[in-house]
Amino acid sequence: MATVLLIEDEKELIKVLKAYLEKAGFHVLTADRGDTGLSSWERNNPDMVLLDLNLPGIDGLEIAREIRRKGETPLIMVTARVEEIDRLIGLELGADDYITKPFSPREVVARVKTVLRRAGSAQVETHVIRVADLTIDLDAYSVKQGSKNVNLTPTEFSILSTLARQPGRVFSRMQLLEAAQGDAYEGYERTVDAHIKNLRQKLAENQKERQYIETAFGIGYRFAHE
């Protein structure tokens, strides 16, 4: 379980982001001041820092400078400032990404996962994908829905794992076939619809009210955001 340190002075936003990140499987530490946030980083060595720029105690840019001076912790800056100079300063300090308020908490979770994956953190190694109530073990080729096993064909498994890695992202039929078979031929592109239909039926056996895989009309499919 990767640890995310959230340094943010808006208490309501802390609660919301903490809840979303924990639901996504992260351990979350919080600080509502810059000085306590920097101390928490030094003490806990988190896998990722989600850092607001406007903070009491120590400004977020100063914290970013200190983190980059002492270490390489992946860093996402969060701010209400929209001036280009702030964005450039933030990225020059070594921020891995930059999010401007207002934003969707789901977007923040997606950005955290992307930056950690890009950084090669062992804590988010994707041998096991956990999304919604599904656990997808890429080594064992197994899927659990809650505590129940879901039996899938190899092609169904590849399509589901491809979608589940990036909830909300739309994949074309060709992309899903390439992920499942290595090579995709245009003449077989529509066969992915049959695989999706079978996947939906198998997942609905355990939870009939939930729609895991959504259709993006005219494009392809995506794994539904929670």
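For the structure itself, look to the data block above.
These figures come from a predicted structure and were not determined experimentally.

Q: Sorry, what's going on with the packing of aromatic side chains here?
A: The geometry of an aromatic ring pair is captured by two quantities: the separation of the ring centres and the angle between the planes. Counted according to the given criterion, the structure contains 2 aromatic pairs. Pairing Y212 with F223 gives two aromatic rings, centres 6.1 Å apart and planes at 55°, and the pair type is tilted. Residue Y212 is found in the loop between α8 (191-204) and β11 (213-216), and its partner F223 is found in strand β12 (residues 220-223); the two are separated by 11 residues along the sequence. Classification of F223 by relative accessible area gives buried; the value is 0%.

Q: Looking at this structure, I do not really get the sheet that holds β12. What am I missing?
A: Read from one edge of the open sheet, 3 strands run β10-β12-β11, paired in antiparallel fashion. Here the strands that pair on one side only, and so sit at the sheet edges, are β10 (171-172) and β11. Pairing between β10 and β12: 2 bridges, direction antiparallel. Residue pairing for β12: S172 is matched across the bridge by G220. With respect to the sheet, α8 is in contact with β11 and β12, its orientation differing from that of β11 by roughly 145°.

Q: Just checking my understanding: could you explain the side chain of D97 for this structure?
A: Within the element layout of this structure, D97 appears in strand β5 (residues 97-100). Classification of D97 by relative accessible area gives buried; the value is 18%. Among all residues touching D97, those that are not within four sequence positions of it are L75, I76, M77, R111 and V115.

Q: Looking at this structure, I do not really get the environment of S142. What am I missing?
A: Residue placement: S142 occurs in strand β8 (residues 142-145). For S142 and L152, which are 10 residues apart along the polypeptide, the C-alpha to C-alpha distance reads 8.0 Å. Apart from the residues within four sequence positions on either side, S142 is in contact with T135, I136, D137 and F157.

Q: Looking at this structure, how should I read the pattern of salt bridges?
A: Taken as a whole, this structure holds 17 salt bridges when the rule is applied. Three or more residues are tied together by salt bridges with common partners; here these are E8, E10, D52 and K101.

The rules behind these values
- Residues numbered from 1 in each chain as written.
- Predicted model: local features only at pLDDT ≥ 70, side-chain atom pairs only at ≥ 80, totals over all residues.
- Heavy atoms only, no water.
- Phe/Tyr/Trp six-rings, centres within 6.5 Å; stacked < 30°, edge-to-face > 60°.
- Helix = DSSP H or I, 4+ residues; strand = E, 2+ residues; numbered from the N terminus.
- Buried < 20%, exposed > 50% of the residue type's maximum accessible area, 1.4 Å probe, protein only.
- Pairing = 2+ DSSP bridges.
- Contact = heavy atoms within 4.5 Å.
- Axes fitted to C-alpha atoms, helices over the stretch in contact; angles between N-to-C directions.
- Salt bridge = Lys/Arg side-chain N within 4 Å of Asp/Glu carboxyl O.

By themselves, these are just geometric observations and shouldn't be taken as functional.
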